[in-house]
Every structure is written in structure tokens, then in C-alpha cells.
Amino acid sequence: MSAPAGWEMVIGLEVHCQLKTRTKLFCACPNRYGADPNTLVCPVCLGLPGALPVLNRTAFELAIRTGLALGCEVAAETKFDRKNYFYPDLSKGYQISQFDRPLNRRGALAIDAPGGKMTVGITRAHLEEDAGKLIHADGEEAGGFSFVDFNRCGVPLVEIVSEPDMRTPEEAYAYLMALKSLLEYVEVSDCDMEKGSLRCDANISIRRPGAPFGTRTEIKNLNSFKAVAKAIEHEAHRHAGILEAGGRIEQMTLTWDAVAEKTLPLRSKEDAHDYRYFPEPDLVPVTAPADLQDRIRAALPEPPAARRERYVRELGLPPYDAGVLTADKAVAELFDRLRAEGLPPKVASNWVMSRLLAVLNDRKLGPAIFLPKVTRIADIAKALEAKTITNQVAGELLAWVLDSVETETVAARIASLGLAQVSDAGALEAIVREVVARNPKIVADYRGGKPSAVQALVGQVMKDTKGKANATVARELLLKVLG
Ligand SMILES: [Zn+2]
């Protein structure tokens, strides 16, 4: 990714994060994804005349927890405001949000960007309700209609607004990764982007280095962090093209077309005054007294940065390992479970990083699938450490553990299938002689001055023993037999 030559990007991000509550922000409807359309609604979240909102205490506390995790100042007293606008997925004609007295402000998030560690300022993190969802169906049966599902109306959101502190798409990406990780760690949201629990809008402008900020545009509908980075880069080049041709950037809102990989104008940008914000008359101001904040702070789960440092300090892991293991809370839990099974930290770390994460990538699964199998995975790792089995057999056993629902122990499996490593020179020598006799060409290569040819013979021994031979012993024997 690169900036247009001679220009610097200025990037700020707005992240909407759905809070993990049982019910919606102002009514008792369930906050649940995936129900049949328009089954989780009531007069309050539909905004029917006379319905009155009541604040969800858990949502309020989770929003404070989010603010504290981001190092924000939490307002002792906060209030709600109506943001008025029309859209078919918002039957009320307004959204209850927070305007001039947000719950949290002035925080910071430390990130690991490609250029090194940096801090991104958090302008504010306020509480608001989500809108519904439009479904633009294609196909004959839809008859050109769009559908609306109000189930999401009133789901609690925290909107986290960053300062325009990022200068490259990579920094924006690193910020989003760090933010998602933090929100997962402090258990305020499941952050499932496919379900829309975490959504991002990007604000971007460009300037000559050192010059004042340029006019910004806002990109919406970014459904993955990679899309955010791509859209920012595309938009920066679009700005540069206009400015270099003597044009002017118009403040507007755009959408990202992920297929064509370009931004398309959505509407001219509205300013705050266009929304005619006014204090929500149906809700009283709320206080977050110091003792409530203290209680929430005391119960704040360990954030990823602290866990990363603890892994380095207490377990002696290299910082790189600690970073990989703590990026995703579920991966860190898996690592801790393997250690609890008696694996030394570095062994557990190697297993997670070099084997288990590879399986997850291949199979597109989450780390939770390993949890019921963690004892047997640790047993394989121990057998490999003790040189009871070879590396190849360890891989096969891991695949067996993942794909079977059997409860046979690893030790029983090794015994019943005879998978134990063969290190006994006496037992291997006959096989080695056999392999030498069967491969005269490779032997000739070796004797003709190509020492690496011996590796092909080791491979043959491994094959003949179904991966059970101790490769070091096999190699020594081969060298001896070959003279
Ligand atoms: Zn409702």
C-alpha cells in the first residue's frame, strides 16, 4: 500500500461496536442475532407513539467498561440526545444517541504499527442505539422490492471515534486489530464482523506534509479490516487526482464497492446541525458516580497488552510469541490451557503458533474447537518432547485427535498402532541395509561426491517405517553402512 507521491494521508476511524447484553438498550426485546425478521420488536424500539424508553443498566455499565479499557475519562453525568434523520430502517425517524456530553472522552489506544509502537487518541466513545437493516433482495420473487428488518433497532452500540492520528492504511489496520482485540478481552462485544457486531467507517483526507488538514470524506459499508485499508488507499489516490488537476475535494459520504474495489458517492456530507440534535425528553440525565466507576475498573479483565507483558516477564516468552498468542483472547486461553496440562511455556507456544494456528487457518475455524481436546493435544506434545514419537507421527496424531470423537488416550493410540519412535539401532539397521540395496543410483550419487543424496535415503527409511524411525539414528546408520 502506498500514499500518492508527495502527499500524506490523515485517517480517523469510527467504530460501532454492539454490546453483549441480553436485551436492547431501551426496551426488553432480546438482543439476539439471526431471529426471523421483525420478531424481536415492541412499541419502544419501533418508536410507536406514547412508548417510553428505559435505559438498560448492563449496557450503560458495559459502555463505561469500554471507556475505562480505552483509558477514557468517564463523565460523572451524561445525557442522551435525539439525532433526527429519515431512513427506511429507522421507523422512529430519530436515533437516540449522545451529542455534546458523551459518556467517555479523551482516551488512547497503544498499537503495534508497521513503523513501530504508536498511540492513537480516542476522541470519544458514546452510547447509542442501532438502527434496523434493509435487505435488498435480488431475483424474480423479490420483484424489485427491498425489505426491512427492525430486529436490530435499539440494540446497544458504543461508537468509538478516534483522533485523526493515523497516516497509513497499515496503521488504520493495526488500530482496528488492536481495538477488536481489546473489546474481546474486556468482554463487551463478540466483535463478530460477519454478524455486524463490529462496523467501521473511515474518514480520510490528504495534505502536503506539514500543511493543515485537507477536506475529508467519509467511507461507509466497510465490512472487513482489509476493506478499510484498501478503501483508504483508493480514496487517497482519488483525492490526489482531483487536487493535482486543480480541483477541490467535496466533503461527502461514500460507500465502498468491494467488488469493483472503488469508492462511490452516497450523499453529500451532513454536518451535526443537519441532524437537529436535541436532548432526549423521555430520558433523564444519568450519573456514573465514582464508586460505580471504581467497581467496574476493579472488575476489568486483563487487557491484551498487560497479558503480553506478563507472558514475556513471567513465562520468559520472546515478545514475538507473546504478541501472536495474545492478539486473540481465545488463542491466549488455549495457550494457558495447554500450560495447565503441564507443557513448558515455549513448548506450548510452539504448538499453538506452528501447528494449531495453521490448522485454524486451513479449516477456517476458531480456537474454541481445540478446548475439549486440549488434554490429548498436550499428551502428543509431551510424547514428542520425550522423543517417544517422531515429528511426523505427532502431526498424524494431531489430525486424528481433531477429526475423531473417540476418547482413546494418546498413549493407548501410540501403543495400539505401534506408533512409537524406533531409535534402536539394531531394529533400524536391517531396514537401512534394505534401503541401501534397493537404491543403487542414489548410493552412487552419494559416493560420487554428492553428500546431500543421503537425505533421500533417510526419506526412504522414514517411508518404510511409516514415519516412526528416529531420523537422527537412521542418518547415522546410513553413513556407517555407506562407509
Ligand atoms: Zn423493543
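The preceding data block contains the structure.
Cut-off values and rules
- Residues numbered from 1 in each chain as written.
- Predicted model: local features only at pLDDT ≥ 70, side-chain atom pairs only at ≥ 80, totals over all residues.
- Heavy atoms only, no water.
- Axes fitted to C-alpha atoms, helices over the stretch in contact; angles between N-to-C directions.
- Helix = DSSP H or I, 4+ residues; strand = E, 2+ residues; numbered from the N terminus.
- Parallel < 35°, antiparallel > 145°, perpendicular 65-115°, else oblique.
- Left-handed = near helix turned anticlockwise from the far one by under 90°.
- Contact = heavy atoms within 4.5 Å.
- Nonpolar A, V, L, I, M, F, W, Y, C, P; charged D, E, K, R; others polar.
- Expected span 1.5 Å × (residues − 1).
- Buried < 20%, exposed > 50% of the residue type's maximum accessible area, 1.4 Å probe, protein only.
- Pairing = 2+ DSSP bridges.
- Donors = N, O, S within 2.8 Å, 3.2 Å for Na, K, Ca; no water.

## Some words on the packing of helix α9 (residues 345-363) against helix α11 (residues 391-403)
Here's step 1: Running from N to C, α9 and α11 cross one another at 45°; their axes reach a closest spacing of 13 Å. On the basis of their axis angle, the class for α9 and α11 is oblique. For the element pair α9 and α11, the recorded crossing hand is right-handed. Of α11, the residues touching α9 (which contributes Trp351, Arg355, Leu356, Val359 and Arg363) are Asn391, Ala394, Gly395, Leu398, Leu402 and Asp403.
Here's step 2: The residue makeup of the contact of α9 with α11, split by class, is six nonpolar, two polar and three charged.

## Some words on α9
Here's step 1: In this model, α9 (19 residues) spans 25 Å end to end at C-alpha, consistent with the 27 Å of a helix rising 1.5 Å per residue.
Here's step 2: Looking only at α9, the buried set comprises Val347, Ala348, Ser349, Trp351, Val352, Arg355, Leu356, Leu357, Val359 and Leu360.
Here's step 3: Considering only its buried residues, α9 is in contact with α7 (319-326), α8 (329-340), α10 (374-385) and α11.
Here's step 4: Immediately beyond the C-terminal end of α9, within one or two residues, lies Lys364, with a positive phi of roughly 55°.

## Section: the side chain of Ser162
Here's step 1: Checked against the element boundaries, Ser162 lands in strand β10 (residues 156-162).
Here's step 2: The exposure class assigned to Ser162 is buried, which follows from its relative accessible area of 6%.
Here's step 3: Residues in contact with Ser162, not counting those within four places in the same chain, are Gly12, Leu13, Val120, Gly121, Ile122, Thr123 and Tyr175.

## Concerning the sheet that holds strand β11 (residues 198-207)
Here's step 1: Taken in spatial order, the nine strands line up as β2-β6-β7-β10-β1-β11-β12-β13-β14 in an open sheet, and their pairing is mixed. The open sheet has two edge strands, β2 (73-74) and β14 (262-268), and neither has a second partner.
Here's step 2: With nine bridges connecting them, strand β6 (residues 104-113) and strand β7 (residues 116-129) associate as antiparallel partners. Bridge pairing in β7 places Ala108 opposite Gly121.
Here's step 3: Along the sheet, helix α2 (residues 57-69) makes contact with β2, β6, β7 and β10, crossing β10 at roughly 20°.
Here's step 4: Against the sheet, helix α4 (residues 225-244) touches β1 (8-18), β11, β12 (217-222), β13 (252-257) and β14, its axis set at about 25° to β11.

## Describing the coordination of the zinc ion
Here's step 1: Note on the zinc ion: its protein donors are Cys27 (SG), Cys29 (SG), Cys42 (SG) and Cys45 (SG). The metal-donor distances range over 2.3 Å.
Here's step 2: On the primary sequence, the residues serving as donors to the zinc ion are separated as C-x1-C-x12-C-x2-C. Note that Cys29 is positioned in the loop between β1 and α1 (43-46) and Cys45 in helix α1, a separation of 16 residues in sequence.
Here's step 3: In this structure Cys29 comes out as buried when scored by relative accessible area, which is 8%.
Here's step 4: Residue Cys45 is classed as buried on the basis of its relative accessible area, which comes to 4%.

## Brief notes about unusual backbone geometry
Here's step 1: Non-glycine residue Asn38 carries a positive phi angle of around 60°.
Here's step 2: Residue position: Asn38 is located in the loop between β1 and α1.
Here's step 3: The exposure class assigned to Asn38 is partly exposed, which follows from its relative accessible area of 32%.
Here's step 4: Look at Glu187: it is not a glycine, yet its phi comes out positive at around 55°.
Here's step 5: Structurally, Glu187 can be placed in the loop between α3 (169-185) and β11.

## Structural notes on the sheet that holds strand β5 (residues 94-97)
Here's step 1: Spatial strand order, β5-β4-β15: three strands in an open sheet with antiparallel pairing. In the strand order of this sheet, the two ends are held by β5 and β15 (278-279), each with one partner.
Here's step 2: Bridge count between strand β4 (residues 81-84) and β5: four bridges; the pairing is antiparallel. Pairing of Lys83 across the sheet is with Gln95, part of β5.

This is a description of form; function is not addressed.
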